[in-house]
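# Fold and contact review
The residues making up each chain are set out below.
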Amino acid sequence: MERFLNRKVLLGVSGGIAAYKAAHLTRLLVKAGCEVQVVLTPSAHDFIPPLTLATLSKRPVLTDLFVRDGTGHWNDHVHLARWADVIIIAPATANTMAKMVQGLCDNLLLACALSAACPMFIAPAMDLEMWKDTGTQSNVDALRARGVRIVGPESGELASGLVGEGRMSEPETILAAVIDALIGRSKLNGMRLLVTAGPTQEAIDPVRYIGNRSSGKMGFALAEEAAARGAQIELVTGPVGLSSEQAGIIRTDVTNAAEMAVACKERFLACNAVIMSAAVADFRPAHAATEKVKKKEATLDLNLEPTEDILGWMGAHKPEGLRLVGFALETENAMVNAMDKLTRKNLDLLVLNSLRDAGAGFGTDTNKVTLLARGKDPVSLPLMSKRDAARAILDRLEEIL
Ligand code: CTP
């Protein structure tokens, strides 16, 4: 199965002959779900045309800290370094590594590297003697001691014609090393997940609706955490005030339960798992008025009809191998009702939300959940951040995948 990285990657390219491989690495990163910002050192321009990398990364390539055209424009290295989830420098020349060790920052790439707090990987490439040089070796040790991960170099024929250590690792090897280090062996890597989030709004008339207090935070946390583990996410969300910077998420916005049902049915067969965390309305006005209801016409009666149970429908149409995760919010007989829902809706995992505990439930940044899987004892988790709750839910999902 294809593996995904789903990260915002700052790809630094310094000036060595292996820079030609940066084009292939850029392409692999984009295919692995990454947003890629290429930063070239000035001398890298002699080895690879920026147009090639800009086209492959779909972003302008950057090189200079300051644009000397009188506009006062500059490339904000601090912002760039903070934007990146990971920095990869490939190839890293002996010169660039030496400057990194010294903390020099006379080009944009070095300034970004110095400003970065994210994981950093470098793939050295140089000639045999340069690599063996004690200065270079002590620089590599110094970088490694600072937490920079070194990929390669490998042995083979070098551009000089010599044979030995110094070849840059192949782009596939570099990508695999980064995925192994940042994601490990998550079963979600390469899987496609449908995640729903937020409330639905059921129209009474063009301006009024029936809604609920769901903020979407739990669904977004699940989508982001699963994408960070290398899953491809289809996020179908009701109206929420949230956005996500996480790469690897395709977002579809819907308003009401009927639209959410259509969006989910279109996507669910292409997925390995569905996490239905949206608070879908159970009822909607039987007839939404096409014009705003005037105060004097309104009565206190609102005729409601049930919406389609999307999760129930998916449970009834679940193909072999697809895992279905539902949410439940119970106020009485929680455990008995939740167990019943698990079997009735043909689910693999049910997340029982607490509404009684302070800090749990709608709108908060924290949650307190109990996980119920078929044939297993329920696991009650303490109050934790929604991101940690997402981690626990996905850990459980990985166990049953
Ligand atoms: N759900 C759904 N479609 C609906 C309503 C709910 O897919 N029209 C999903 C929610 O996303 C959630 C789970 O079903 O994952 C919640 O079910 P809930 O509404 O609590 O369960 P019901 O079967 O409606 O049970 P109850 O009798 O408790 O209302």
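Residues numbered from 1 in each chain as written. Predicted model: local features only at pLDDT ≥ 70, side-chain atom pairs only at ≥ 80, totals over all residues. Heavy atoms only, no water.

## Describing the site of the ligand
- Taken together, 15 residues surround the ligand, and among them Met-276, Ala-278, Glu-308, Leu-311 and Lys-341 come closest.
- Taking Glu-308, its main chain carries an N or O atom lying 2.8 Å from a nitrogen atom of the ligand.
- One of the side-chain nitrogen or oxygen atoms of Lys-345 is found 3.0 Å away from an oxygen atom of the ligand.
- Among the secondary structure elements, those contributing two or more residues to the shell around the ligand are helix 11 (310–316), strand 16 (323–329) and helix 12 (334–344). (Near = heavy atom within 4 Å. Polar contact = N/O pair within 3.5 Å; in protein donor to acceptor, adjacent residues only side chain to side chain. Helix = DSSP H or I, 4+ residues; strand = E, 2+ residues; numbered from the N terminus.)

## So, the sheet that holds strand 8 (residues 192–197)
- Ordered in space as 12-11-8-13-16-17-19-20, the eight strands form an open sheet in which the pairing is mixed. Of all strands in the sheet, those bounded by a partner on one side alone are strand 12 (249–253) and strand 20 (379–380).
- Across five bridges, the pairing between strand 11 (residues 232–237) and strand 12 is parallel. Bridged to Val-236 within strand 12 is Thr-252.
- Seen against the sheet, helix 12 touches strand 16, strand 17 (349–353) and strand 19 (369–373) and runs at an angle of roughly 150° to strand 17.
- In the packing of helix 13 (residues 386–400) onto the sheet, contacts are made with strand 8, strand 13 (273–276), strand 16, strand 17 and strand 19, and the angle to strand 17 comes to roughly 160°. (Pairing = 2+ DSSP bridges. Contact = heavy atoms within 4.5 Å. Axes fitted to C-alpha atoms, helices over the stretch in contact; angles between N-to-C directions.)

## Considerations on the packing of helix 1 (residues 22–31) against helix 2 (residues 50–57)
- At their nearest, the axes of helix 1 and helix 2 sit 9 Å apart, and the two run at 10° to each other. Considered as vectors, helix 1 and helix 2 are oriented roughly parallel to each other. Two secondary-structure elements touch here, helix 1 through Ala-22, Ala-23, Thr-26, Arg-27 and Val-30 and helix 2 through Thr-52, Leu-53, Leu-56 and Ser-57.
- Class assignment for the residues of the contact of helix 1 with helix 2 results in five nonpolar, three polar and one charged. (Parallel < 35°, antiparallel > 145°, perpendicular 65-115°, else oblique. Nonpolar A, V, L, I, M, F, W, Y, C, P; charged D, E, K, R; others polar.)

## Topic: the packing of aromatic side chains
- On inspection of all chains with the given rule, the structure shows two aromatic pairs.
- Both rings, one in Phe-66 and one in Trp-74, keep their centres 6.4 Å apart while their planes meet at 20°; by these two values the pair is stacked.
- In this structure Phe-66 comes out as partly exposed when scored by relative accessible area, which is 46%.
- Aromatic side chains Phe-268 and Trp-313 sit 5.4 Å apart centroid to centroid with 65° between the ring planes, which places their arrangement in the edge-to-face category. Taken together, the residues span a long stretch of sequence, with Phe-268 in helix 10 (residues 257–268) and Trp-313 in helix 11 at a distance of 45 residues.
- Residue classification places Phe-268 among the buried residues on the basis of a relative accessible area of 2%. (Phe/Tyr/Trp six-rings, centres within 6.5 Å; stacked < 30°, edge-to-face > 60°. Buried < 20%, exposed > 50% of the residue type's maximum accessible area, 1.4 Å probe, protein only.)

## Structural notes on the nonpolar core
- Among the nonpolar cores identified, the biggest contains 35 residues, and Leu-193, Leu-222, Ile-233, Ile-275 and Leu-397 are the most heavily contacted of them.
- Mapped onto this core, the elements with two or more residues apiece are strand 8, helix 9 (217–228), strand 11, strand 13, strand 16, strand 17, strand 19 and helix 13.
- Residues within four places of Leu-222 in sequence aside, it is in contact with Val-195, Ile-275, Ser-277, Phe-327, Ala-390, Ile-393 and Leu-394.
- If you look at the next biggest cluster of nonpolar residues, it comprises 34 residues, including Val-13, Ala-23, Val-36 and Leu-53. (Core = buried A, V, L, I, M, F, W, Y, C linked by side-chain atoms within 4.5 Å.)

## Describing unusual backbone geometry
- The residue after Ala-90, namely Pro-91, is reached through a cis peptide bond having omega 0°.
- Here Pro-91 shows up in strand 3 (residues 86–92).
- Cis rather than trans, the peptide bond between Gly-152 and Pro-153 has omega equal to 0°.
- By secondary structure assignment, the location of Pro-153 is in the loop between strand 5 (149–150) and strand 6 (154–157).
- Positive phi outside glycine occurs at Asn-6, with the angle close to 50°.
- Along the chain, the position of Asn-6 falls in the segment before strand 1 (8–13).
- For Asn-6, a relative accessible area of 1% puts it in the buried group.
- For Asn-346, which is not glycine, the phi torsion reads 60° and is therefore positive.
- Considering the arrangement of structural elements, one finds Asn-346 in the loop between helix 12 and strand 17.

Nothing here speaks to function; it is all geometry.
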